Amino acid sequence: DERVTFEQWGPMKERVAPKQLPLMHVGDKLFGQSAALMRYAAKISKFEGRPLYPTEDALLALQVDEFVDYVSEMFGPLGASFKIEDQAEKEAFRAKAVAEGGDMYKWLSYVDSLLGKSKSGFAVGDHLTLADLATFCWFQPLKAGFFDGIPVTCLDGFKNIEAHKQKIANIPTVKAYYSEAKMPLYKTYQ
C-alpha cells in the first residue's frame, strides 16, 4: 500500500499508462480501474478462512456483485456534480441529491432496507465479503464533509447503514487499520 501525494503524482503520471490512480502491480504488470482492482483483491483474499469474493459459489458472487453495484450506482449523481463549474450550484445539486426524495437518498434508502433484511448483519450471506467492505469504504466520505454540499448528517436517518458501519468498523483488523487515522477522513471509519 503506497500512498502518493499530489506533488508526487505529477511527475509519476507521465510514466504510467492509464495516467490515473489507483494502480496495482501484479508481478511485472501494472493494472488500473478501481472496481477491477477491488474485485481482484477480494478474489485472492480471505477473512477468517473464508473468501471475500465467493469464487466457488456463483450465486453468492452474483449477490455480492449486485450489492456492490447498488452502492456504486448511488454515486452516479455525485459523479455528475463534478461537471458543474459554479460552486454554489454544485453544492445545491449535491444537497438535493442526498435530501429526502433525491436520487442518492433513494439509493441510500434501498441499501438501508437491504441491510435491514440481513440476519447476520453482513451485506450478503453470513460472513464478511467485498459487499461489506465496499459499502463501508464508500459511505464514510459522505459523513466526513469530503464532498462540498453534502451535509455530514446525510446518513443519520439510516439506522441499518450505521449498524453495518459499526459492525465492520469493529472487526479487529479493520479497527486496527483505521485507528492510526493516517488521514483526517479516516476518523469517520472508526
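For the structure, see preceding data.
Residues numbered from 1 in each chain as written. Predicted model: local features only at pLDDT ≥ 70, side-chain atom pairs only at ≥ 80, totals over all residues. Heavy atoms only, no water.

J.: I keep staring at unusual backbone geometry and nothing clicks. Help me out?
T.: Leave glycine aside and you will find that most residues have negative phi; peptide bonds, for their part, are mostly trans. At the junction of Leu21 and Pro22, the peptide bond is cis and its omega measures out at 5° in the coordinates. Inspection of the secondary structure puts Pro22 in the loop between α1 (6-13) and β1 (24-26). The backbone of Glu48 shows a phi angle near 50°, a positive value even though the residue is not glycine. Summarising the element assignment, Glu48 is placed in the loop between β3 (46-47) and β4 (50-51). Accessibility expressed as a relative area gives 68% for Glu48, which makes it exposed. (Helix = DSSP H or I, 4+ residues; strand = E, 2+ residues; numbered from the N terminus. Buried < 20%, exposed > 50% of the residue type's maximum accessible area, 1.4 Å probe, protein only.)

J.: Looking at this structure, how should I read the packing of aromatic side chains?
T.: Geometry of an aromatic ring pair is reported as the spacing of the ring centres plus the angle between the planes. What the rule picks out here adds up to nine aromatic pairs. A centroid spacing of 5.8 Å and a plane angle of 35° characterise the contact between Tyr70 and Trp107, whose relative ring orientation is tilted. Placement of the pair is Tyr70 in helix α3 (residues 58-74) and Trp107 in helix α6 (residues 103-117), with a sequence separation of 37 residues. For the cation-ring pair, Arg94 lies above Phe82, with the distance from its terminal atom to the ring centre recorded as 4.7 Å. If you follow Lys167 out to its NZ or CZ, it ends over the ring of Phe122, 4.5 Å from the centre. (Phe/Tyr/Trp six-rings, centres within 6.5 Å; stacked < 30°, edge-to-face > 60°. Lys NZ or Arg CZ within 6 Å of the ring centre and 35° of its normal.)

J.: What's the story with the pattern of salt bridges in this structure? I'm lost.
T.: Once the charged atoms of two side chains with opposite charge are near each other, the side chains can pair. Throughout the structure, instances matching the rule amount to five salt bridges. Asp69 is paired through a salt bridge with Arg39; the nearest N and O atoms lie 3.2 Å apart. One end of the pair, Asp69, is in helix α3; the other, Arg39, is in helix α2 (residues 34-43), with 30 residues separating them in the sequence. Of the residues examined, Arg39 reaches a relative accessible area of 18% and is grouped as buried. Measuring nitrogen to oxygen at the nearest pair gives 3.1 Å for the salt bridge that ties Arg50 to Asp126. On the criterion of sequence distance, the pair formed by Arg50 in strand β4 and Asp126 in the loop between α6 and α7 (130-143) is long-range, its members being 76 residues apart. One connected set of salt bridges, linked through shared partners, spans Arg39, Asp65 and Asp69. (Salt bridge = Lys/Arg side-chain N within 4 Å of Asp/Glu carboxyl O.)

J.: When you look at the environment of Leu37 in this model, what are you seeing that I'm missing?
T.: Within the secondary structure, Leu37 sits in helix α2. Considering only alpha carbons, one finds Leu37 and Met24, 13 residues apart in sequence, at a separation of 7.1 Å. Ignoring any residue separated from it by four or fewer positions in sequence, one finds Leu37 in contact with Pro22, Leu23, Met24, Phe31 and Gly32. (Contact = heavy atoms within 4.5 Å.)

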